[in-house]
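Here are the chains, one letter per residue:
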Amino acid sequence: MERIERSCVTVEFDEGIAWVILSRPEKRNAMSPTLNREMLEVLEDLELDERCGIVVLTGAGDSFSAGMDLKEYFRETEKLSPSQVRRVRQTAYAWQWRKLMHYPKPTIAMVNGWCFGGAFTPLVACDLSFAADEAVFGLSEINWGIIPGGNVTKAVADKLRPADALFYIMTGRNFDGRKAAEMGLVNESVPRAELRDHVRALAMELMGKNLTVMNGAKIAFKQVRTMSWDASEDYLGSKAAQVRAQDKSAGRERGLTQFLDDKSYRPGLEGYSKDG
Ligand code: ACO
Ligand code: V55
């Protein structure tokens, strides 16, 4: 299997899937300034890498990520200048949500284990997410005396019902993968032993679709959430025309021809044939 090895991040290429693995297992994949720089570079590189059709973000060992590195990201940045601290923070946010939220390829978070604090931001920024039943989540900020910053609060406000978000922000209590799925923080939770195969099968299913159209569809969804109905109607009209122009494989025309003329498939029940 082809790989990219950085000091804190590993990428494994697997038939169109790029498994992006936060790799500091001895620190439970806590996000240090170095990890954040590497993640930003890796995501920028994968945008243009033809071996990558879809990104799965996960963690090495028994952890997804233990959140921000309390030593390297908080304590050791105390001695930096304000502009240096700003740089460290902005690099974290650059990959954790700016880059991931509107990533031009499908993104799936696979929460294999511990998921704390700052790790909620990339989790929520991914398009889809799957957890191990055994995974342990927590907004632990209150337990060590800070508010959930770094857009963690915004991420949970976007994904959870207010009652659930406030309960976990205020108590810092843990919850497992099943509970995360029940609350809609992740799409689904499955036994840890089945997680990788489950996510791989879903990734393969997505890769059978028209990825140009899928990219337009997911970005449109994320954008319209904060628009008025009027702005959204206008934007979606333009977005649809843009996607149609970008789709060199002319999926729309194939779909129409195969249903209306060839009567070879039914779009309500399956996808059109890419070579038909
Ligand atoms: N920052 C820095 N170091 C960390 C972090 C972290 N977030 N999480 C774990 N580590 C380090 C530990 O200090 C320890 O280092 P050492 O071996 O050099 O002593 C090593 O990782 C292993 O940690 P343990 O606590 O021994 O591992 P264990 O498996 O028993 O527990 C757990 C795992 C529950 C994740 C625990 O490490 C933990 O509570 N981590 C902190 C979780 C957290 O609250 N994160 C911050 C959220 S808030 C935010 O992100 C802004
Ligand atoms: C957190 C995360 C941050 C930050 C401050 O609560 C707090 C977590 C991702 O960066 O800058």
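In the block above lies the structure referred to throughout.
Residues numbered from 1 in each chain as written. Chains lettered and ligands numbered in written order. Predicted model: local features only at pLDDT ≥ 70, side-chain atom pairs only at ≥ 80, totals over all residues. Heavy atoms only, no water.

J.: Help me out: how do you make sense of the sheet that holds strand β7 (residues 114-116) in this one?
T.: The strands making up a sheet associate through hydrogen bonds between their backbones, and the pairing can be parallel or antiparallel. In space, the four strands of this open sheet follow the order β5-β7-β9-β10, with mixed pairing throughout. With one partner strand each, in any of the chains shown, β5 (63-65) and β10 (174-176) form the two edges of the open sheet. The sheet shows a mean angle of 20 degrees between the axes of neighbouring strands, direction not considered. Taken together, the three bridges between strand β9 (residues 136-138) and β10 define a ladder with antiparallel strand orientation. Bridge pairing in β10 links Phe 137 to Phe 175. (Pairing = 2+ DSSP bridges. Helix = DSSP H or I, 4+ residues; strand = E, 2+ residues; numbered from the N terminus. Axes fitted to C-alpha atoms, helices over the stretch in contact; angles between N-to-C directions.)

J.: What should I look at first to understand the sheet that holds strand β3 (residues 17-22) in this one?
T.: Sheet architecture is open: seven strands sit in the order β1-β2-β3-β4-β6-β8-β11, paired in mixed fashion. Looking at strand neighbours, the two that pair on one side only are β1 (3-5) and β11 (188-190), the edges of this open sheet. Each strand of the sheet is rotated relative to its neighbour by a mean of 20 degrees, with strand direction disregarded. Across three bridges, strand β4 (residues 54-59) lies against strand β6 (residues 107-111) in parallel orientation. Note that in β6 the partner of Val 56 across the bridge is Ile 108. Helix α9 (residues 192-207) contacts β2 (9-14), β3, β4, β6, β8 (128-132) and β11 of the sheet and is inclined by roughly 160 degrees relative to β8. (Contact = heavy atoms within 4.5 Å.)

J.: Would you mind showing me how to read the layout of surface pockets here?
T.: Any empty space left between atoms is shown by rolling a water-sized probe over those atoms. Its boundaries defined by the atoms lining it, the largest pocket holds a volume of some 750 Å³. Lining the largest pocket we find 24 residues, and of these Met 101, Val 124, Asp 158, Lys 222 and Arg 225 sit closest to its centre. Breaking the lining of the largest pocket down by element, the ones donating at least two residues are α3 (82-101), α4 (120-125), α6 (152-159) and α10 (211-224). The element that contributes the greatest number of residues to the lining of the largest pocket is α10, accounting for five residues. Grouping the constituent residues of the lining of the largest pocket by class yields 11 nonpolar, six polar and seven charged. Estimates place the volume of the second largest pocket at around 300 Å³. At the level of elements, α2 (70-74), α3 and α5 (141-144) are the ones that each hand at least two residues to the lining of the second largest pocket. (1 Å grid on protein atoms, 1.4 Å probe; cavity = no way out; pocket = protein on both sides within 12 Å on 5 of 7 lines; lining within 4 Å. Points joined across faces, edges and corners; volume = space filled by probe spheres on them. Nonpolar A, V, L, I, M, F, W, Y, C, P; charged D, E, K, R; others polar.)

J.: I keep staring at the site of ligand 2 and nothing clicks. Help me out?
T.: The full set of residues close to ligand 2 is Met 68, Tyr 73, Phe 74, Arg 89, Tyr 93, Gln 96, Glu 141, Ile 147, Pro 148, Gly 149, Gly 150 and Val 152. Measuring from an oxygen atom of ligand 2, one finds a side-chain N or O atom of Glu 141 at 2.5 Å. In this structure, an oxygen atom belonging to ligand 2 sits 3.1 Å away from a main-chain N or O atom of Gly 149. Coverage of ligand 2 by the protein amounts to 93% of the 310 Å² it exposes when considered alone. Placement of ligand 2 is best described as lying within the second largest pocket. Among the elements of the structure, α2 and α3 are those that each provide at least two residues to the shell around ligand 2. Broken down by element, the residue count for the shell around ligand 2 peaks at three residues, all from α3. When its residues are assigned to classes, the shell around ligand 2 shows seven nonpolar, three polar and two charged. (Near = heavy atom within 4 Å. Polar contact = N/O pair within 3.5 Å; in protein donor to acceptor, adjacent residues only side chain to side chain. Areas by Shrake-Rupley, 256 points an atom, 1.4 Å probe, with all protein chains shown as cover. Sits in = over half its atoms within 2 Å of the grid points.)

J.: What should I look at first to understand the nonpolar core in this one?
T.: Within soluble globular proteins, side chains that are nonpolar tend to cluster in buried spots. Counting residues in hydrophobic clusters, the biggest one holds 70 residues, and the most contacted among them are Leu 46, Trp 95 and Phe 137. Leave out the neighbours within four places in its chain, and Leu 46 touches Val 11, Phe 13, Ala 18, Val 20, Cys 52, Val 55, Tyr 103 and Lys 105. (Core = buried A, V, L, I, M, F, W, Y, C linked by side-chain atoms within 4.5 Å. Buried < 20%, exposed > 50% of the residue type's maximum accessible area, 1.4 Å probe, protein only.)

J.: Looking at this structure, how should I read the site of ligand 1?
T.: Near ligand 1 there are 18 residues, and of these Lys 27, Ala 66, Met 68, Gly 118 and Ser 140 occur at the shortest range. Between an oxygen atom of ligand 1 and a main-chain N or O atom of Met 68, the distance comes to 2.8 Å. Ser 140 is positioned such that a nitrogen or oxygen atom in its side chain is 2.6 Å from an oxygen atom of ligand 1. Where the shell around ligand 1 is concerned, the elements lending two or more residues are α2, β7 and α5. Within the shell around ligand 1, the residues separate by chemical class into nine nonpolar, four polar and five charged.

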